[in-house]
Amino acid sequence: MTKNGAPRAKTRQSFSIKPLRFLWQFLAQYPRDLWMSFVGVVISALAILSLGYEVRSLVDSGIGKEVNPWPMLGLIVLSIILAASAYMRTYTTARLSDKIIAHLKEDLFAQSMRFTQQVYESNRLGDFLSRLAPDLENLRSFISGSGAVALRSIIQLLGGTLLLVSVSAPMTMYVFALIPLVILPIYFLGKKVRNLTKATRDQEGLVQGIIEEHLGSMVLVKAFKAQLAALE
């Protein structure tokens, strides 16, 4: 939609960082929650990377004649750290997402009050509601779930790459050579799913708008029928 609420013309979808910039305006208003979430994600990623090293040490110590209790103790400590950091990350990101969604709802309501009468006459109220509610929930899921997991995966990728290079550089090259075979199907399937999702969202908005109109005018329809019955 444009600034006055009129629908935009359909354009070809392309990647843009504008949504991330828009989201950052809200994230920056809660630096404490944002910092705690980031720390929890980093600690979780480092703990997961360290688990592999401790498992290797445990296996190596089991092969030897002498029993070394330190690898097992390290696994226990890392498990505790991982659980605590995961709880910290989940709690802070959930709290952060709730604050941002509440802030966005206030801004959306204020923006809707500035729409012209023509906007409300040319668009169905149910269409507005069906688009806003799922989008806000998707944003909540991104902040509290997929966004944090994506950041943790990036940290694990960088850390895992350094560990793999330190063990065997040729093996690292073989692993990265297989990455395009995994990414390309995801890219093409994701593009198709995105188009289908957009079409589904448009249909849901249309259906929701029709239902809203029928239910909203039901009182008037009942009153009109009652008046006709009284005149007969």
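Residues numbered from 1 in each chain as written. Predicted model: local features only at pLDDT ≥ 70, side-chain atom pairs only at ≥ 80, totals over all residues. Heavy atoms only, no water.

Enquirer: Just to check I follow, could you spell out the nonpolar core for this structure?
Expert: Counting 10 residues, the largest nonpolar core consists of L23, F26, L27, L96, I100, I101, L104, L136, L139 and I143. Where this core is concerned, the elements lending two or more residues are α1 (18-27), α3 (70-112) and α5 (125-167). In terms of residue count, the dominant contributor to this core is α3 (four residues). Once residues lying within four places of it in the same chain are set aside, the contact partners of L104 are F22, F26, L136 and L139. (Core = buried A, V, L, I, M, F, W, Y, C linked by side-chain atoms within 4.5 Å. Buried < 20%, exposed > 50% of the residue type's maximum accessible area, 1.4 Å probe, protein only. Helix = DSSP H or I, 4+ residues; strand = E, 2+ residues; numbered from the N terminus. Contact = heavy atoms within 4.5 Å.)

Enquirer: Any chance you could explain the pattern of salt bridges here in plain terms?
Expert: Once their charged atoms are close, side chains differing in charge can pair, the charge on each being opposite to the other. Scanning the model with the defined rule gives three salt bridges in all. Residue D33 pairs with R95 through a salt bridge whose shortest N-O separation is 2.6 Å. Highlighted residues: D33 in helix α2 (residues 31-63) and R95 in helix α3, separated in sequence by 62 residues. Look at R95 and you get partly exposed, because its relative accessible area is 24%. Across the pair D33 and K99 runs a salt bridge whose closest N-O atoms are separated by 2.6 Å. Placement of D33 in helix α2 and of K99 in helix α3 is noted, with a sequence separation of 66 residues between them. Connected through shared salt-bridge partners, D33, R95 and K99 make up one network. (Salt bridge = Lys/Arg side-chain N within 4 Å of Asp/Glu carboxyl O.)

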